[in-house]
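Fold and contact review
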Amino acid sequence: MSSMAQAVYEDFRRSRMTQQGGAGSNFCPVVLNAKQERQQGGGLGTHWYTSNNSGKDLWRLKKEKPELFAQQQQLASAMAAPAAGPQAVPPGFRETSQPGWYYSQEKSVYFLQAS
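Residues numbered from 1 in each chain as written. Predicted model: local features only at pLDDT ≥ 70, side-chain atom pairs only at ≥ 80, totals over all residues. Heavy atoms only, no water.

Moving on, we come to the packing of aromatic side chains. Summed over the entire model, instances satisfying the criterion amount to 4 aromatic pairs. Note on Y102 and F111: the rings are 6.3 Å apart at their centroids and 45 degrees apart in plane angle, and the pair reads as tilted. Classification of Y102 by relative accessible area gives buried; the value is 11%. Exposure remark for F111: the relative accessible area of 24% places this residue in the partly exposed category. A network of ring pairs unites the aromatic residues F93, Y102 and F111 as a single cluster. Between K62 and the ring centre of F69, over which it is positioned, the NZ or CZ distance is 5.6 Å. (Phe/Tyr/Trp six-rings, centres within 6.5 Å; stacked < 30°, edge-to-face > 60°. Buried < 20%, exposed > 50% of the residue type's maximum accessible area, 1.4 Å probe, protein only. Lys NZ or Arg CZ within 6 Å of the ring centre and 35° of its normal.)

Once that is clear, we can look at a nonpolar patch on the surface. A contiguous nonpolar surface patch, about 290 Å² in accessible area, is contributed by L58, L61 and L68. The residue L58 is located in helix α3 (residues 56–64) in this model. Classification of L58 as exposed rests on a relative accessible area of 58%. (Patch = residues over 30% accessible without salt bridge, like charges linked within 9 Å, V, L, I, M, F, W, Y side chains within 5 Å. Areas by Shrake-Rupley, 256 points an atom, 1.4 Å probe, with all protein chains shown as cover. Salt bridge = Lys/Arg side-chain N within 4 Å of Asp/Glu carboxyl O. Helix = DSSP H or I, 4+ residues; strand = E, 2+ residues; numbered from the N terminus.)

Next up on the list: the pairing of strand β3 (residues 109–112). Along any regular strand, the residues point their side chains to alternate faces of the sheet. Relative to β3, strand β2 (residues 101–104) runs antiparallel, the two sharing 4 bridges. Bridge assignment links Y103 to a residue of β3, and that residue is Y110. Between the antiparallel neighbours β2 and β3 lie 4 residues, among them S108 with a positive phi of about 55 degrees. (Pairing = 2+ DSSP bridges.)

The strands that make up a sheet are held in pairs by hydrogen bonds between backbone atoms, and each pair lies either parallel or antiparallel. Pairing within the open sheet is antiparallel, and its 3 strands lie in the order β1-β2-β3. The open sheet has two edge strands, β1 (94–95) and β3, and neither has a second partner.

Working note: non-glycine residues mostly have negative phi, and peptide bonds are mostly trans. Of note in the backbone geometry, S108 takes a positive phi value of approximately 55 degrees without being a glycine. Relative to the helices and strands, S108 is located in the loop between β2 and β3.

This paragraph deals with the side chain of Q113. Here Q113 is to be found in the segment after β3. The exposure class of Q113 is buried, given its relative accessible area of 13%. Among the polar contacts made by the side chain of Q113, one reaches the side chain of Y102 at a distance of 3.3 Å. (Polar contact = N/O pair within 3.5 Å; in protein donor to acceptor, adjacent residues only side chain to side chain.)

Fair warning: the whole summary comes from geometry, so function is off the table for now.
Written out as structure tokens, the structure reads:
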């Protein structure tokens, strides 16, 4: 914050304190950036940059409920497997009556094989 803006901010806060008998108010028309707000302890006790869990929740969830990550692991293994050329069809897809079209009942989607 520039020195001029800081002076305006401090002057306004002092005037609010004297108007309310020294009780003070958190209201101020000067908007602070995120760093300044953190320095003053604002933000209602929550911070946008952390959930106070240090990023542990995701690995704990993956450890406790691996079924939630099964599709992600299947996709990673399918991407790592070498494709069998232009005739490769993703796993779980079955041929339909239309040539070149495949359907997955599990995902309810169609796959069109490139010609």
